[in-house]
Amino acid sequence: MIQEITILPGRDRNGQAEKFDAITMRAGETISIVGPTGSGKTALITDIELLAQGDTSTGRYLLLNGQVPDEEMRYNPTKKPIAMITQNTKCFTDLSTVDFLTIHARARGISDPSIVRRTIDLANTFTGEMIHPEVKVTVLSGGQTRSLLIADAILIGAAPIILLDEIENAGIFKQEVVRLIQSTGKIVLFVTHDPVIALLTKHRIIMSNGSVQKVIAQNELELRAAQNLLELDQRVGDIREKLRAGHMITHVQLA
Ligand SMILES: Nc1ncnc2c1ncn2[C@@H]1O[C@H](COP(=O)(O)OP(=O)(O)OP(=O)(O)O)[C@@H](O)[C@H]1O
């Protein structure tokens, strides 16, 4: 059982040693990774995905439960404790959504038949475009695919660590994702440019020039700011959904 994952420092893009001792993330924690374009966010999350052992461009090392992970954990997909979902993650299989989830649930030894419906229902709370159970996974939109895979990772997948790389950009209700994911007991990292996700996560890793600059813990003030931003974001989201559905906006909705 993975209780914690630790990042040990490597080098920045100029080859200088990173200035932190170790970052340990524990089960049930949400962490965002923020920073300007090109600051090394994807490189950091990729180090975690690969369970790097000084063998990537950053020279970082990863520990699981304080130990060097064994080769099986790194290279055997059935043992790997990490699921990564990016903007480019797609399902390549000629199956309907319901069949795809049924096979995954069977492979994971889950016998409760309601798991498939619950996973599709959960995915539909993350996306404004309803996923129909009989639709083929290959024809799902980008937002639907990410919603389905996140719901699948939460309810069916066994991976205790979930990495989400810039999921916010297409048709995803990200506040729902953060809210629901916080109660799963998993370690979840979001690479994000989105202030709502950044403020809702318990910790925030700040990147610059390929290195970790600091780690900020969520505080009361930021949590309140997040709530205000969330209300604003909700209103923007409502208007976005109306526009997507072809409606017109009245000044009352903008007030
Ligand atoms: N510590 C490092 N050492 C060497 N190269 C690095 C390091 N960190 C990042 N890089 C390289 O710098 C480039 C930009 O990094 P990366 O793609 O991770 O940035 P990003 O913050 O994810 O950017 P974006 O917001 O545009 O997605 C990549 O080619 C990456 O391999």
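Here the structure is a predicted model, which is why all the values come from computation and not from measurement. Each chain carries its own residue numbering, running from 1 in the written order of its sequence. Selection of residues for local features in this predicted model requires a pLDDT of at least 70, selection of side-chain atom pairs for listing and counting requires 80 or more, and totals for whole chains, interfaces and linings are taken over all residues.

**Q** Could you clarify how one ought to interpret the domain arrangement of the chain in this entry?
**A** Interface size is commonly expressed as the accessible surface area that is lost when the partners come together. Domain start and end points were adopted from an automatic or database domain assignment. Domain annotation of the chain identifies domain 1 (1-81 + 160-218), domain 2 (87-158) and domain 3 (223-255). Inter-centroid distance (C-alpha atoms) of domain 1 to domain 2 is 24 Å. Each partner contributes residues to the interface: domain 1 has 14 residues there, and domain 2 has 14 residues. In this text, helices come from DSSP runs of H or I with a minimum length of four residues, and strands from runs of E with a minimum of two, each type numbered from the N-terminal end. Of all the secondary-structure elements, those providing two or more residues to the side of domain 1 that touches domain 2 are β6 (161-165) and α6 (174-181). It is α6 that contributes the most residues to the side of domain 1 that touches domain 2, four residues altogether. Think of it as three bins: nonpolar holds Ala, Val, Leu, Ile, Met, Phe, Trp, Tyr, Cys and Pro, charged holds Asp, Glu, Lys and Arg, and polar takes everything else, Gly as well. Looking at the side of domain 1 that touches domain 2 residue by residue, the class counts come to eight nonpolar, three polar and three charged. For the purpose of contact definition, each residue receives a C-beta atom placed from its backbone, and two residues are in contact when these atoms lie within 7 Å.

**Q** For this particular structure, what's the right way to read the sheet that holds strand β2 (residues 23-26)?
**A** Within a beta sheet, neighbouring strands are joined by backbone hydrogen bonds and run either parallel or antiparallel to one another. Here, strands pair whenever DSSP counts at least two bridges between them. Overall, antiparallel pairing links the three strands, which are arranged β2-β1-β4 in an open sheet. Strands with a single pairing partner mark the edges of an open sheet, and in this sheet they are β2 and β4 (61-64). Across the sheet, the mean angle from the axis of one strand to that of its neighbour is 20°, orientation sign disregarded. For strand β1 (residues 4-8) and β4, the ladder comprises four bridges, and the chain directions are antiparallel. Looking across to β4, one finds that leucine 8 is bridged to tyrosine 61. Axis definition: a line fitted to C-alpha atoms, limited for helices to the stretch in contact. Angles are taken between N-to-C directions and run from 0 to 180 degrees.

**Q** Looking at this structure, I do not really get the environment of isoleucine 2. What am I missing?
**A** Tracing the backbone shows isoleucine 2 in the segment before β1. Partly exposed residues are those falling between the two cut-offs: more than 12 but fewer than 20 other C-beta atoms within 10 Å of their own, whereas 20 or more means buried and 12 or fewer means exposed, with C-beta atoms placed from the backbone. Overall, the presence of 17 C-beta atoms within 10 Å leaves isoleucine 2 in the partly exposed class. Between the C-alpha atom of isoleucine 2 and that of alanine 27, which follows or precedes it by 25 residues, the distance is 7.6 Å. Every residue in contact with isoleucine 2, bar those within four places of it in the chain, is listed here: Leu64, Asn65, Pro81, Pro160 and Ile161.

**Q** Can you help me understand the site of the ligand in this one?
**A** For each residue, a C-beta atom is placed from the backbone, and the residue is labelled near a molecule or strand when this atom is within 6 Å of it. Looking at the ligand, there are 16 residues lining it, with Gly40, Lys41, Thr42, Ala43 and Gly210 nearest. Counting residues per element, the shell around the ligand draws most heavily on helix α1 (residues 41-50), which supplies three residues. Here the shell around the ligand is composed, by residue class, of two nonpolar, 10 polar and four charged.

**Q** Explanation requested: the pairing of β1 in the structure shown.
**A** On a regular strand, each side chain points to the face opposite its neighbour's, so the side chains alternate between the two faces of the sheet. Only one face of β1 is covered, namely the face carrying Ile5 and Ile7; the face carrying Glu4, Thr6 and Leu8 is uncovered. Bridging between β1 and β2 involves four bridges; their strand directions are antiparallel. When the sheet's bridge partners are listed, isoleucine 5 is paired in β2 with methionine 25.

**Q** Got a minute to help me understand the packing of helix α4 (residues 114-126) against helix α5 (residues 142-155) in this structure?
**A** If you want to describe how two helices pack, look at the angle between their axes and the distance between the axes. Following both chains from N to C, one finds α4 and α5 inclined at 130°, their axes separated by 8 Å at the closest point. In terms of orientation, α4 and α5 fall into the oblique class. Crossing geometry of α4 relative to α5 is assigned as right-handed. Residue-level inspection shows Ile115, Arg118, Thr119, Leu122, Ala123 and Phe126 of α4 in contact with α5, the latter providing Ser147, Leu148, Ile150, Ala151, Asp152, Ile154 and Leu155. Partitioning the contact of α4 with α5 into residue classes produces nine nonpolar, two polar and two charged. Note on angle classes: values under 35 degrees are labelled roughly parallel, values over 145 roughly antiparallel, values of 65 to 115 roughly perpendicular, and the remainder oblique. Working rule for handedness: look at the near helix, and if it is turned counterclockwise from the far one by less than a right angle, call the crossing left-handed; if clockwise, right-handed.

**Q** Any chance you could explain the environment of serine 57 here in plain terms?
**A** With respect to the helices and strands, the residue serine 57 is situated in the loop between α1 and β4. Judged by the 14 C-beta atoms lying within 10 Å of it, serine 57 is partly exposed. A C-alpha to C-alpha distance of 9.0 Å links serine 57 and glycine 10, two positions 47 residues apart in sequence.

**Q** Explanation requested: α6 in the structure shown.
**A** Helical periodicity: at 3.6 residues per turn, an α-helix aligns residues three or four positions apart in one direction. For α6, the set of buried residues is Lys174, Gln175, Val177, Val178 and Ile181. End-on view of α6: buried residues confined to an arc of 160°, all on one side of the axis. Those residues of α6 that are buried are in contact with β3 (30-34), α4, α5, β7 (187-191), α7 (195-200) and α8 (220-244). Here the arc refers to the set of directions running from the helix axis out to each C-beta atom.

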